[in-house]
Amino acid sequence: MATIDQVIRQAVNPFDPATFKPGNFWHEQQDPALHVASIHQDVIERVEAVLTQVGQDHRTRTLLLSGDSGSGKSHLLGRLKRTFNANAFFAYIDPFPDSEAIWRHILRYTVDSLVQTPEQQQESQLLLWLNSLSAFQHGDRSGWGLTKRQQFIRTLKKAYPSGIYNANEFFGVLYDLIDPDRYAIACEWLRGDDLDEDSLNLLNVKQAIDSEDAAQKILANIGKITVETRPIVLCFDQLDNIARTSNGVIDLQALFNVNSSIHNQGLKNFLVIISIITSTWKQHTDRIQQADRVRIDESIQLKPITLNQAEALWASRLLPLHQQAMPSPHSAIYPLTRQTLEQKYPGGKTQPRLVLELGRRLLQRYKVGAAADRPEDAIAALKLVWLQEFNQVQDRISRIRQLSAPELIQMVREVLSVLQVGEIRPKFLPSPTYANQSLSYQPSSQTGRVAIAWNDDPNMLSFYHVMNACRRAIAVDLCQTLFLIRSEGVGKPGNKGHEFYQQLFARGDRHYHIQPDLDSVHYLATYHSLVNATYAGELVVAGKTPTIDELEALMREADLLQSCTLLKNLKVVSGRSRDRKSRRQPNGKVAQANSQPDVEPIQAFLLDLLKTHRLLGRQVLAQTALGQFPQVNEAEIDRLIQDLTALNQIQVLGDDGDRAAQLVCLTAAV
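Quantities reported herein were computed from a predicted structural model and do not represent experimental measurements. (Residues numbered from 1 in each chain as written. Predicted model: local features only at pLDDT ≥ 70, side-chain atom pairs only at ≥ 80, totals over all residues. Heavy atoms only, no water.)

**Student:** Tell me about the overall build of the protein, and name the residues and values.
**Tutor:** Tallying secondary structure elements over the protein gives 26 helices and 17 strands in all. With the C-alpha coordinates aligned to their principal axes, the bounding extent of the protein is approximately 75 × 65 × 55 Å. The burial tally for the protein puts 55% of its 670 residues in the buried class. Put simply, 72% of the contacts in the protein that link residues at least 6 apart link residues at least 24 apart. Accessible surface, the protein: about 28700 Å² in total, of which carbon and sulfur atoms supply 47%. The positive charge centre, built from 71 side chains, and the negative charge centre, built from 73, are 2 Å apart in the protein. (Helix = DSSP H or I, 4+ residues; strand = E, 2+ residues; numbered from the N terminus. Buried < 20%, exposed > 50% of the residue type's maximum accessible area, 1.4 Å probe, protein only. Contact = heavy atoms within 4.5 Å. Areas by Shrake-Rupley, 256 points an atom, 1.4 Å probe, with all protein chains shown as cover. Lys, Arg positive; Asp, Glu negative; His and termini not counted. Charge placed at Lys NZ, Arg CZ, Asp CG, Glu CD.)

Okay, structure coming up:
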């Protein structure tokens with residue numbers, strides 16, 4: 001075996017900041033080996049006590065979880081989910097883009113979380129919930145038909161004789177969830193998708209959940225039913241990127257209105273956890289009405305960690321390297337020292353992320369010496385974070401309608417801000433219902449405004465209303481050019497919405513219909529994830545936590561949006577759209593579109609990895625690339641390393657006969 005110093009020289013830095021960025025705990029899988037049990041253990045115990053109370057008396061409670069940036073709030077939410085998922089159902093609520101659709105947003109993300117499968121379980125939270133209901137526990141469900149469906153509805157109506165909104169349809173959809181052929185569409189209805197008439201008929205429902213009132217009542221239904229099983233924990237996080245008021249401040253009042261409604265209207269069996277940066281809470285608390293602030297049952301402040309906990313955090317990251325070494329290091333944190341912690345934090349307290357970043361810099365300096373003191377390549381670091389996030393987005397978003405129209409248009413607004421297209425205004429369409437699916441901006445190169453509307457509802461009535469709003473906007477010259485983004489159909493002749501569509505977009509000479517591809521949505525969602533992390537102070541790039549302005553500048557310099565087909569069709573980027581010849585599927589496999597992989601991004605990844613780590617083992621470099629590009633094999637990666645060596649961009653150090661011991665670094669010219 002290699003010595004610990006040899007292992008460190010070859011390895012990827014275990015304090016890589018790409019691992020600092022937490023987020024939606026159903027998407028960001030935490031490594032249990034990196035947990036330090038003592039960190040925030042008092043908070044874990046307090047939340048457990050409150051969750052136990054909710055489980056016993058079913059009275060909804062609200063916890064405010066605050067902490068400084070880097071204190072581990074989002075990581076703690078993931079730990080809570082992992083620790084207590086056997087006792088409760090967990091829902092992560094992403095930042096809401098529109099205050100006027102907040103209940104529908106919460107319902108969507110609650111259902112999206114319920115369809116996730118907990119660790120060490122074979123079925124989703126939703127099916128675990130249904131299977132625990134007494135109405136589902138009698139007889140063989142495999143042959144249930146229409147008669148059984150009516151019997152099931154009657155059984156649940158008898159169990160819940162009052163207080164259930166739209167009981168026949170709601171219980172009928174719950175029944176449809178056990179049918180594999182109807183499960184997906186039943187989930188779509190529950191999460192509030194505006195389904196077409198055929199889908200509604202299939203589920204025997206009259207209409208979609210298309211209003212705030214309906215969404216609130218369906219959420220109340222879910223709470224009442226879960227009284228028979230487990231509580232639901234609603235986790236609100238990364239609140240610095242929620243919808244803003246007309247004054248430009250984050251609309252926390254909208255969230256606390258929801259929280260008060262949950263309490264006032266007696267929604268049962270919820271534990272609401274509001275996670276927020278301490279400074280954000282202090283800055284905005286006076287803007288929240290006193291009557292809503294008192295609805296917080298308990299406030300919990302995350303405390304800084306001790307140096308013993310900091311040392312344990314270092315040890316958890318270094319353990320995998322120590323396990324590869326012979327002899328074993330004399331200290332669990334070698335080559336780091338406790339003395340360094342004491343010198344850096346003389347007060348004996350610090351924040352987890354500061355400890356991790358310190359460990360990264362110290363280990364890098366130990367590994368490459370004086371070379372570690374050169375300025376870090378922020379562009380290379382951002383590109384690595386981007387690629388990791390992009391791959392995760394590909395895995396979790398398999399269709400465009402997983403995201404709501406307000407979310408999609410917010411993502412468009414965020415990338416347009418990166419591209420500096422001009423003044424951007426939200427809510428362009430003259431429609432109180434569909435304004436949040438649109439925006440406009442003023443290019444410096446023309447006098448008229450450019451507008452964008454994104455609607456992917458399959459329901460043709462919704463499509464008609466959007467087309468009518470577009471027609472009205474154009475009739476009074478609210479814009480010079482209008483782009484409609486829609487992947488769904490546009491109706492048939494005789495349909496009024498189709499007629500308006502033909503009038504506006506058929507010629508394509510002034511107003512344009514763009515059919516978005518899923519790959520473009522992955523670009524938008526990836527950047528949106530980085531934006532959320534940036535506002536929350538959780539994104540680390542080359543040792544720094546960028547502001548949103550700094551992130552936008554890095555994005556422009558890194559040119560990460562130039563290959564997005566949608567942005568090219570919107571005429572806001574001019575770069576070529578790279579043909580992505582392999583795509584990750586939700587099952588983790590790769591579907592090949594072409595037997596010849598595009599080597600350019602793989603070569604760029606190899607160089608970016610070396611720019612950030614300075615020195616890596618040849619095998620480690622190859623294996624890391626394979627983890628990001630599973631469509632190629634190790635022999636192809638090795639050929640790319642040889643090509644870069646021949647181009648004098650990288651240098652391979654060591655005996656060619658012992659590749660396991662070889663090291664790779666950039667040449668001085670790069």
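**Student:** Could you give an account of the nonpolar core, with specific residues and numbers?
**Tutor:** Among the nonpolar cores identified, the biggest contains 120 residues, and F171, W189, I452 and W454 are the most heavily contacted of them. Among the elements that line this core, the one with the most residues is helix 21 (residues 518-535), at eight residues. Ignoring any residue separated from it by four or fewer positions in sequence, one finds W454 in contact with I400, A405, L408, I409, V412, Q437, I485, P516, V521, L524 and L566. Listed in part, the 25 residues of the second largest apolar core include F15, L321, I333 and L356. (Core = buried A, V, L, I, M, F, W, Y, C linked by side-chain atoms within 4.5 Å.)

**Student:** Please give an account of the sheet that holds strand 10 (residues 450-454) that cites residues and values.
**Tutor:** Spatial strand order, 8-9-10-11-12: five strands in an open sheet with mixed pairing. What marks the edges here is a single partner per strand, and that holds for strand 8 (423-426) and strand 12 (512-514). Strand-to-strand twist across the sheet, computed as the mean angle between neighbouring axes with direction ignored, equals 20°. Note: strand 9 (residues 438-442) against strand 10, four bridges, orientation antiparallel. When the sheet's bridge partners are listed, S440 is paired in strand 10 with A451. Strands strand 8, strand 9 and strand 10 of the sheet are contacted by helix 18 (residues 405-418), whose axis makes an angle of about 145° with strand 10. (Pairing = 2+ DSSP bridges. Axes fitted to C-alpha atoms, helices over the stretch in contact; angles between N-to-C directions.)

**Student:** Any chance you could break down the side chain of Q309 for me, citing the residues and the numbers?
**Tutor:** Turning to its location among the elements, Q309 is positioned in helix 14 (residues 307-322). Non-local contacts of Q309, meaning those with residues more than four positions away in its chain, are made with V36, S38 and I39.

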